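Results of the structural survey
Spelled out from the first residue to the last, the chains are:
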Amino acid sequence: MIDRIKVIAIIFVIFIIAIMAYQALTTTEMEKKQKTNMTAHLGTVGEYETDDFNPSVYMKSWNYNDLPSEERKRFYLETNLSDGTKLREYWIYAEDKKIEVAPGVYYDAWVYNGQTPAPTIRATEGDTIKIYFENRASKPHTAHFHGFHKAEMDGSMPHDFVMPGANFTYEFKADPVGVHLFHCHSTPLKDHISKGLYGMYIVDPKEGREKANEIIMIANAFDTDYDGENEIYAVNTRAFWYMAHPIKVKKGELVRIYIGNMVEFDPINSIHIHANFFNEYRTGTLDEPTQFTDIIELGQGERSMLEMTFNETGQYVFHAHQTEFSDLGWMGLFEVEDSDDIINGVNYQSKEFDITNNSMGMKE
Ligand code: CU
Ligand code: CU
């Protein structure tokens, strides 16, 4: 009897070991990752495969100042005029392009100059802006700018649509001061916006603004299965980019964010910054802040300018307070570093803030 129990016990133990061995051999790497991430996951799994768009470079660039000077001249020219203003000429083209919106997730976008958001246009009030627009894409497109301009420069009516292979020159004065947008205005509008044809257009006041660590953000989203709802949300296109590449700021320096919302299919978006409060200058048009808060809401096409200082070092989350958007990519980090060389709110030693390269369009 005892022997029989022993045999049964041994068979039972062998059976359990066999099951455990089978499970260990058949659990894939992905399942192991999912198990360990089940309660602690934040951000994307894996790395971006393509390097044709870098949100960390985008957020600190305007007037193509991220390009080497010879290449930059192909897209941007600046001429001093006798009245003290500048003529700023831009070469902008539309094209169809597959872009990476999350690691390994690609989207058939329509973009200006190979990227969405488009390179930022920045001028001082009163400057003359000339946009040489060329349509290299498969559908009719335009470049419609917010701000004052003549009807024939609006790029929004069927007779304004620039056909594939054609081109058009837009000309207008940089006016009014503020944080604006430009985007395609062909129909159906929701397709031409959601596909990625938009960018930021900043008009600085003549007297300039206080020096600051400036950051450009366009909240956007992508309907990757074309069902009229977004699957991926972000600021500056790549989901969770700033979780893996936190935005570096110095303790005590003035941080200025220019933000716009271009999300299609969802009526409201927002930005909330943790452990801090900021002055909001709605649309950046007035001198006085419109509120002091830690969260603002933005409808589609709305913009704002936010100013703040971080007084403690460490990592601080920023995200849309529409929490579903956060979970699907619209979340990032500020990394606040200690610094001894803050002068008038600006750290002149910071490599992140290259004042020589970024001075264009910003008063010294
Ligand atoms: Cu278009
Ligand atoms: Cu608009």
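The structure contained in this document is the topic of the report that follows. This one's a predicted model, so the numbers in the text were calculated from it and none came from an experiment.

In this section: the pairing of strand β14 (residues 268-273). Only one face of β14 is buried: it carries Asn 269, Ile 271 and Ile 273, and the other face, with Ile 268, Ser 270 and His 272, is open. Pairing geometry for β14 and strand β17 (residues 295-299), over 5 bridges, is antiparallel. In the strand pairing of β17, Ile 271 is matched with Ile 296.

It is worth spelling out the sheet that holds strand β20 (residues 331-337) at this point. Here we have 5 strands laid out as an open sheet, ordered β12-β20-β19-β14-β17, and mixed in their pairing. The open sheet terminates on both sides in strands that have one partner only, identified here as β12 (247-250) and β17. Adjacent strand axes in the sheet meet at a mean angle of 25°, parallel and antiparallel pairs treated alike. Note: β12 against β20, 4 bridges, orientation parallel. By the bridge assignment, Lys 248 is partnered in β20 with Glu 335.

This next bit is on the nonpolar core. Counting 84 residues, the largest nonpolar core has Met 217, Ala 219, Ile 232, Tyr 233 and Trp 330 as its most contacted members. In terms of residues, this core owes the most to one element, strand β10 (residues 213-222), which gives 7 residues. Looking at which domains feed residues into this core, each of domain 1 (52-208) and domain 2 (211-356) gives three or more. Residues contacting Ile 232, with those up to four places away along its chain left out, are Val 101, Ala 102, Val 105, Ala 221, Phe 222, Thr 224, Ala 239, Leu 328 and Gly 329.

In space, the 4 strands of this open sheet follow the order β4-β9-β8-β6, with mixed pairing throughout. Pairing within the sheet leaves two strands with one partner each, and these edge strands are β4 (118-124) and β6 (144-145).

So, about unusual backbone geometry. Cis rather than trans, the peptide bond between Asp 175 and Pro 176 has omega equal to 0°. With an omega of -10°, the peptide bond between Thr 187 and Pro 188 qualifies as cis. Even without glycine at this site, Phe 240 takes up a positive phi of about 60°. Structurally, the position occupied by Phe 240 is in the loop between β11 (232-235) and α6 (241-244). The exposure class of Phe 240 is buried, given the 23 C-beta atoms found within 10 Å. You will see that Phe 265, though not glycine, has its phi angle at about 80°, which is positive. Within the fold, Phe 265 resides in the loop between β13 (254-261) and β14. Its 14 C-beta neighbours within 10 Å are what place Phe 265 among the partly exposed residues.

With that settled, consider the environment of Asp 175. With respect to the helices and strands, the residue Asp 175 is situated in the loop between β7 (167-173) and β8 (178-183). With 15 C-beta atoms counted inside 10 Å, the residue Asp 175 sits in the partly exposed group. Sequence-wise, Asp 175 and Phe 148 are 27 residues apart; in three dimensions their C-alpha atoms are separated by 5.9 Å. Once you skip the residues sitting within four places of it in the chain, Asp 175 turns out to touch Glu 125, Gly 147, Phe 148 and Val 203.

Conventions we followed
- Just so you know, the residues in each chain are numbered from 1, in the order the chain's sequence is written.
- Chains and ligands are labelled sequentially in the order written, the chains with letters from A and the ligands with numbers from 1.
- Given that the model is predicted, a residue must reach a pLDDT of at least 70 before its local features are reported, and side-chain atom pairs must reach 80 or more before they are shown or counted; all residues, however, enter totals for whole chains, interfaces and linings.
- Counting other C-beta atoms within 10 Å of its own, a residue is labelled buried from 20 upward, exposed at 12 or fewer, and partly exposed in the gap between, with every C-beta atom placed from the backbone.
- Helix and strand definitions here come from DSSP, where helices need a minimum of 4 consecutive H or I residues and strands a minimum of 2 consecutive E residues; each element is numbered from the N-terminal end.
- Any two strands with at least two DSSP-identified bridges between them are counted as paired.
- What counts as an axis is a line fitted to C-alpha atoms, over the stretch in contact for a helix, and the angles between N-to-C directions run from 0 to 180 degrees.
- For this analysis, nonpolar core means a set of buried Ala, Val, Leu, Ile, Met, Phe, Trp, Tyr and Cys residues linked through C-beta atoms within 7 Å.
- Residue ranges for the domains originate in an automatic or database domain assignment.
- Working definition of a contact: two residues with C-beta atoms, positioned from the backbone, lying within 7 Å.

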